[in-house]
Number of protein chains: 2
Amino acid sequence: MTTQELVAQIRKKKSFLCIGLDVDLNKIPEHLLKEEDPIFEFNKAIIDATHHLCVAYKPNTAFYEAYGLKGWKSLEKTISYLNKKYPEIYTIADAKRGDIGNTSTMYAKAFFEDLAFDSVTVAPYMGKDSVEPFLAFENKHTIMLALTSNEGAFDFQTKKIDDLEVYKHVLETSKNWQNSQNLMYVVGATKAEYFKEIRKIVPNSFLLVPGVGAQGGNLEDVCKYGLSENIGLLINSSRGIIYASKDVNFANEAAKKAEELQVKMATLI
Amino acid sequence: MTTQELVAQIRKKKSFLCIGLDVDLNKIPEHLLKEEDPIFEFNKAIIDATHHLCVAYKPNTAFYEAYGLKGWKSLEKTISYLNKKYPEIYTIADAKRGDIGNTSTMYAKAFFEDLAFDSVTVAPYMGKDSVEPFLAFENKHTIMLALTSNEGAFDFQTKKIDDLEVYKHVLETSKNWQNSQNLMYVVGATKAEYFKEIRKIVPNSFLLVPGVGAQGGNLEDVCKYGLSENIGLLINSSRGIIYASKDVNFANEAAKKAEELQVKMATLI
């Protein structure tokens, strides 16, 4: 999917909500556990109930890998279902991958070709030649970690290299990489005051923003400093939406939570 | 596996060789392609022919994920085969994972429990709470990227935070994390002169060293500066060994290449 198509979808739906599909078998409604593939059935119900309120879904691969081969199959079925039934939806494999050149190409093939996601998250530590192989894929986005929403972000990301924080150095440097127009960045919502600085470096790039809701980030603050001319924000919520209820009507309850966010978003853009 | 058991195996075999199982269907012998699971058959042959010459195998997960569900199955079969037939062998999932707390726990479960690897590689960018969930697993090692063997290592890893290079800062900081005794580090062989500095910070930690062979690193130089009292080195070679030949006798040719390295290693410890 192109950035323009994503922006068009956001304007149409008046939503820049991304729903994180981080499925933990201990947290989903019990009645689903008797299904052959409870993870897929859960995702399918959530997607069918919320697809008109959000523009993107983001399965975190850890939650699928933890269940081994069965989990990988659930991931494959989820992305296939999305691509067939809701092709307008933007899809993000939250995988945080990154390796040396030819190995990154293999990861890119896994997520862009085999699973056919629109984008994948990557880690920046190994630098340019670990990320450029992802950027080479046309109409696919590579979403690089910049400033994350966890405590550990202060261990390295906010430390200074020559008076510039590591995460700003990451943003600056990556602008010069080949096909950098295919880059987006992860910026945690728990650090809303940082968005002002970030927008000075990447005024137009899309930012994927986790941490609204369960992790305490504030939507209004993020929008105040983070919105760009082309919106430029994808706000992710996972637990706050998908685990709204463990009852039989869990998907409707999830939709209510998603709608709360979408209604707020409509007033902000 | 405990560090002591790994060291005992190294002393017994006079080898600290790790063989990287980075299987690319375009590079393996053609006669294997007619098998139901060519990747597993290739790995099985390589393992059977080389297990007495090395102490560890390291499948890079990218090469399996690129083939989707089939690839994940090949990975599962490979680690099961290793754990059943050669339980003395140390196993490394080269996955370079890392995410916020509960998500890292899911990755740890995937590799330590579901697949039953002895260790997994992780990226440090997200800091303490992205790595400690891995460290909590007993008798499992977490191998964190410090200084990698690629060009991109100079983008961020060798830049200075308060007069200390980022990778040294990563080493120093991680020593204070909970269960840091379960940490090992990735240090590329192409930067042998750096090992002297690294040993000042982590004198006893095991270092996983890629980049000998295909990437140009020199074994003697790495040992000169990198060996510790308890050996403390795992030298990885992937392409240089497993793709030694595309003939029917490829596994024997691979064993010859592994033996060349093992013989050199025996003189160095």
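Residues numbered from 1 in each chain as written. Chains lettered and ligands numbered in written order. Predicted model: local features only at pLDDT ≥ 70, side-chain atom pairs only at ≥ 80, totals over all residues. Heavy atoms only, no water.

Draft legend 1. Here's a closer look at the interface of chain B and chain A. Facing 55 residues of chain B, the contacting portion of chain A comprises 54 residues. Summed over both sides, the interface of chain B with chain A buries roughly 4,800 Å², with 64% coming from carbon and sulfur. The interface formed by chain B and chain A holds four salt bridges in total. Asp99(B) is paired through a salt bridge with Lys96(A); the nearest N and O atoms lie 2.7 Å apart. Linking chain B with chain A are 28 residue pairs in polar contact (both at pLDDT 80 or more). For the side of chain B that touches chain A, the element with the most residues is helix α5 (residues 101–114) of chain B, which contributes seven residues. (Contact = heavy atoms within 4.5 Å. Buried area = accessible area lost by both parts, 1.4 Å probe. Salt bridge = Lys/Arg side-chain N within 4 Å of Asp/Glu carboxyl O. Polar contact = N/O pair within 3.5 Å; in protein donor to acceptor, adjacent residues only side chain to side chain. Helix = DSSP H or I, 4+ residues; strand = E, 2+ residues; numbered from the N terminus.)

Draft legend 2. Highlighting the sheet that holds strand β4 (residues 119–122) of chain A. All names here are of chain A. If you walk around this closed barrel you meet the eight strands as β1-β2-β3-β4-β5-β8-β9-β10, and the pairing is parallel. For this sheet the average axis-to-axis angle between neighbouring strands, irrespective of direction, equals 30°. Where β4 and strand β5 (residues 141–147) come together, four bridges link them in parallel fashion. The residue of β5 that forms the bridge with Val120 is Thr142. Along the sheet, helix α1 (residues 3–13) makes contact with β3 (90–97), β5, β8 (183–187) and β10 (233–237), crossing β10 at roughly 65°. (Pairing = 2+ DSSP bridges. Axes fitted to C-alpha atoms, helices over the stretch in contact; angles between N-to-C directions.)

Draft legend 3. Spotlight on the relation of the copies chain B and chain A. If you rotate chain B by 180° and push it 0.0 Å along the axis, it lands on chain A with an RMSD of 0.0 Å. Look at the turn and shift together and you get a two-fold axis relating the two. Of every C-alpha in chain B, the one belonging to Ile161(B) sits nearest the axis of rotation, 2.4 Å from it. The fraction of interface residues of chain B whose copies in chain A are also interface residues reaches 98%, indicating that both copies meet through the same surface. (Least-squares fit on C-alpha atoms with pLDDT ≥ 70 in both.)

Draft legend 4. The packing of aromatic side chains, seen in detail. Residue and element names in this part refer to chain B. Throughout the structure, instances matching the rule amount to 20 aromatic pairs over all chains. Summarising the aromatic geometry, the rings of Trp72 and Phe111 are spaced 6.5 Å apart at their centres and angled 55° between planes, so their arrangement reads as tilted. A residue pair is termed long-range when its members are at least 10 positions apart, and Trp72 in helix α4 (residues 68–85) and Phe111 in helix α5 qualify at 39 residues. Take Trp72: its relative accessible area is 0%, and that puts it in the buried class. Relative to Phe137, the ring of Phe112 has its centre 5.3 Å away and its plane inclined at 55°; by these criteria the two rings are tilted. Note that Phe112 is positioned in helix α5 and Phe137 in the loop between α6 (128–135) and β5 (141–147), a separation of 25 residues in sequence. (Phe/Tyr/Trp six-rings, centres within 6.5 Å; stacked < 30°, edge-to-face > 60°. Buried < 20%, exposed > 50% of the residue type's maximum accessible area, 1.4 Å probe, protein only.)

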